[in-house]
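Observations on the three-dimensional arrangement
Chain by chain, the residues:
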Amino acid sequence: MNPVLGRRPRILAATTAAAGLLLVAGCSSGGGGGKTTASGGVPLVKAGQLTTCTHLPYPPFQSEIDGTVQGFDVSLIDLVAKDLGVKQDIVDTPFENFKTGAFLNSEQCDLAAAGMTITPERAKNVDFSDPYFDATQAVLVDKKSGIGSFADLKGKKVGAQAQTTGEEYAKSKGLDPVSFESSDAVLNGLRTGQVQAVVIDYPVVQGWLKDKANADAFKVVDNLNTGEQYGFTVKKGNTKLVAAINKAIKEAKADGTYKKLYEKWIGPYDAAAASASPSAS
């Protein structure tokens, strides 16, 4: 996910369970750096809305469908917004900002949701929620490539999404991956023969292979358990918003909502995805 120089953030509509509520009147001046507060004293940068930074597209977690941003991450944050009595609003920004916390620090967003792996390095700049998804990396290849496993990638042209853990993993194993800005660009690179294989988050590959044309042309030859867990991020010290996010995740796992959303956006439910232990960050 290379940052695009000069790219301006796009404000996008989000499909939200809280849409239609009349909420601005319930907001007041608050602390924590936010201009207003929501239910429970959670600080918000804009009245009546929970502003989410993301980087598009990254299906099945977030992508623009029929003019609105939808996906697994979006649906989970909708639950947070509903609990706070506001609606979710989404801003599309370069992925680099998620690692530095720039858009959180400048109060352009309340939180970031971008299928983001929890790492100690990133936790220096942002505060993570509890993990909400266990992720693995997949090796996807053209069926005609002759590649049968990750070990076969040596000497081959391999693609990855820039500034992601998939790219970092490939580099750590001695590969020199071709970097693509978005997940769509990664797939296009494989489709057009720019690369012979890609290393990318397995849920993304699951989404691609739902399309018959992709399933006919490509296959997963390896699944790499890198111990990754996804988390949502907030500005350092925003403990009230972290608590609200964690509460929504816990309740969704307990009442079956998480399972329903998982099956809707990702595929057959993996109970391990719901058993992630709380993050230490």
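See above for the structure.
What comes next concerns the included structure. (Residues numbered from 1 in each chain as written. Predicted model: local features only at pLDDT ≥ 70, side-chain atom pairs only at ≥ 80, totals over all residues. Heavy atoms only, no water.)

**Re the pattern of salt bridges**
Charged atoms that come close allow side chains of opposite charge to pair. The tally for this structure, following the rule as stated, stands at 6 salt bridges. Salt-bridge contacts for lysine 247 lead to aspartate 83; the nearest nitrogen and oxygen are separated by 4.0 Å. Taken as a pair, lysine 247 in helix 8 (residues 239-255) and aspartate 83 in helix 1 (residues 72-84) lie far apart in primary sequence, 164 residues in all. Given the relative accessible area of 37%, aspartate 83 is considered partly exposed. (Salt bridge = Lys/Arg side-chain N within 4 Å of Asp/Glu carboxyl O. Helix = DSSP H or I, 4+ residues; strand = E, 2+ residues; numbered from the N terminus. Buried < 20%, exposed > 50% of the residue type's maximum accessible area, 1.4 Å probe, protein only.)

**Quick look at the side chain of serine 182**
By the element assignment, serine 182 lies in the loop between strand 12 (178-180) and helix 5 (183-191). When sequence neighbours within four positions are dropped, the list of residues in contact with serine 182 reads Pro57 and Gln161. (Contact = heavy atoms within 4.5 Å.)

**Here we look at the packing of aromatic side chains**
The full count for this structure, using the stated rule, is 14 aromatic pairs. When the centroid spacing of 6.1 Å and the interplanar angle of 85° are considered together, the rings of phenylalanine 72 and tyrosine 262 count as edge-to-face. One end of the pair, phenylalanine 72, is in helix 1; the other, tyrosine 262, is in helix 9 (residues 257-265), and 190 residues separate them in sequence. Judged by relative accessible area, phenylalanine 72 falls into the buried class, the value being 0%. Relative to phenylalanine 232, the ring of tyrosine 132 has its centre 4.0 Å away and its plane inclined at 5°; by these criteria the two rings are stacked. In this pair, tyrosine 132 is assigned in the loop between strand 9 (126-128) and strand 10 (133-142) and phenylalanine 232 in the loop between strand 14 (218-230) and strand 15 (233-235), connecting sequence segments 100 residues apart. Summarising the burial analysis for this pair, tyrosine 132 and phenylalanine 232 share the class buried. Joined through ring pairs, the aromatic side chains of Tyr58, Phe61, Phe72, Tyr132, Phe133, Tyr230, Phe232, Tyr258 and Tyr262 make up one cluster. It is lysine 253 that lies over the ring of tyrosine 258; its NZ or CZ is 5.5 Å from the centre. (Phe/Tyr/Trp six-rings, centres within 6.5 Å; stacked < 30°, edge-to-face > 60°. Lys NZ or Arg CZ within 6 Å of the ring centre and 35° of its normal.)

**Section: the environment of proline 57**
Within the element layout of this structure, proline 57 appears in the loop between strand 4 (49-54) and strand 5 (63-65). Linking proline 57 and serine 182, residues 125 residues apart in sequence, is a C-alpha distance of 6.6 Å. Look past the residues within four positions of proline 57 in its chain and what remains in contact with it is Gln62, Ser63, Ser182, Ser183 and Asp184.

**Observations concerning the state of the cysteines**
Here, disulfide denotes a covalent bond that connects the sulfur atoms of two cysteines. Counted under the stated rule, the structure contains 1 disulfide. Note on cysteine connectivity: cysteine 53 is disulfide-linked to cysteine 109, with sulfurs 2.0 Å apart. Handedness here is read from the sign of the S-S torsion; for cysteine 53 and cysteine 109, about 65°, the answer is right-handed. A residue pair is termed long-range when its members are at least 10 positions apart, and cysteine 53 in strand 4 and cysteine 109 in the loop between helix 3 (102-105) and strand 8 (111-112) qualify at 56 residues. (Disulfide = S-S within 2.5 Å.)

**With respect to the packing of helix 1 against helix 8**
Contact pair helix 1 / helix 8: the axes reach a minimum separation of 9 Å and the direction vectors enclose 115°. In terms of axis orientation, helix 1 runs roughly perpendicular to helix 8. Seen along the crossing, helix 1 lies across helix 8 with a hand that is right-handed. Here helix 1 contributes Leu79, Val80, Asp83 and Leu84 to the contact with helix 8, which in turn contributes Leu241, Ala244, Ile245, Lys247, Ala248, Glu251 and Ala252. Here the residues of the contact of helix 1 with helix 8 sort into 8 nonpolar, no polar and 3 charged. (Axes fitted to C-alpha atoms, helices over the stretch in contact; angles between N-to-C directions. Parallel < 35°, antiparallel > 145°, perpendicular 65-115°, else oblique. Left-handed = near helix turned anticlockwise from the far one by under 90°. Nonpolar A, V, L, I, M, F, W, Y, C, P; charged D, E, K, R; others polar.)

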